[in-house]
Amino acid sequence: DAKTTQPTSMDCAEGRAANLPCNHSTISGNEYVYWYRQIHSQGPQYIIHGLKNNETNEMASLIITEDRKSSTLILPHATLRDTAVYYCIVRVANDYKLSFGAGTTVTVRA
Amino acid sequence: DAGITQSPRYKITETGRQVTLMCHQTWSHSYMFWYRQDLGHGLRLIYYSAAADITDKGEVPDGYVVSRSKTENFPLTLESATRSQTSVYFCASSESTSWNEQFFGPGTRLTVL
């Protein structure tokens, strides 16, 4: 699997958009980009995934660069409940294994 | 309640004892997983199962045993617990036809003294 690089931590103001970057320069053509988050003392939670196109759901938006070497997860209006560790994961289609790295610790401040 | 549950939520045991962590899901998902989470290592896959009676090793299987006699249950057994197995254990499940997401349980915090 391709490896990902994420900043260790970032702060965000409540109500503002949070933009979480992820580098995956060695991603293969059949690998998807997934985002999960883990709120303190809870199990990880799926957020969104994509292959090439930008994706949006009720939780977030995922912007993938044209060369697919990096992506950005956007939380449009961060709330205090979005404080969590966010994991960017690349994964081959139909591979059930998830490889979690260290992630980005996001702290949303009032 | 529907979903994925783990029991116990907290467990303290002693070195050398056998411990079984339970995982139960109500979705009839084919795939189930066990992860452990330690500071500095993130989440690591211990074992997974593609269906009842089908299991396979993950990244860190040594010291653990799993079974899956029923689709909804996936117990994880530490046959002779060691201090290095002190960790938070998460169970997860996913549908067989969709690799989009794994659903995680609330975790079991295990301390081996």
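What you see is a predicted model; the values in this text were computed from it and never measured. (Residues numbered from 1 in each chain as written. Chains lettered and ligands numbered in written order. Predicted model: local features only at pLDDT ≥ 70, side-chain atom pairs only at ≥ 80, totals over all residues. Heavy atoms only, no water.)

Let us now look at the sheet that holds strand β3 (residues 19-25) of chain B. Residues and elements named next belong to chain B. Reading across from one edge, β1-β3-β8-β7 is the order of the four strands in this open sheet, with antiparallel pairing throughout. Taken across any chain shown, the strands that pair with only one partner, and hence form the sheet edges, are β1 (4-7) and β7 (64-66). Each neighbouring strand pair of the sheet contributes to a mean axis angle of 20°, computed without reference to strand direction. As paired elements, β1 and β3 share four bridges and run antiparallel to each other. Bridge pairing in β3 links Ser7 to Met22. (Pairing = 2+ DSSP bridges. Helix = DSSP H or I, 4+ residues; strand = E, 2+ residues; numbered from the N terminus. Axes fitted to C-alpha atoms, helices over the stretch in contact; angles between N-to-C directions.)

Per the counting criterion, the structure on display carries two disulfides over all chains. There is a disulfide in this structure between Cys22 of chain A and Cys88 of chain A, and the S-S distance comes to 2.1 Å. Between Cys22 of chain A and Cys88 of chain A the disulfide shows an S-S torsion of about -85°. By sign, it is left-handed. With Cys22 of chain A in strand β2 (residues 18-23) and Cys88 of chain A in strand β8 (residues 84-92), this pair connects stretches of sequence that are 66 residues apart. Judged by its relative accessible area of 1%, Cys88 of chain A is buried. Disulfide partner of Cys23 of chain B: Cys91 of chain B, at an S-S distance of 1.8 Å. Handedness of the Cys23 of chain B-Cys91 of chain B disulfide follows from its S-S torsion of about -75°: it is left-handed. Of this pair, Cys23 of chain B sits in strand β3 while Cys91 of chain B sits in strand β9 (residues 87-94); the two residues are 68 residues apart in sequence, bridging distant segments of the chain. Like Cys23 of chain B, the residue Cys91 of chain B is buried in the burial classification. (Disulfide = S-S within 2.5 Å. Buried < 20%, exposed > 50% of the residue type's maximum accessible area, 1.4 Å probe, protein only.)

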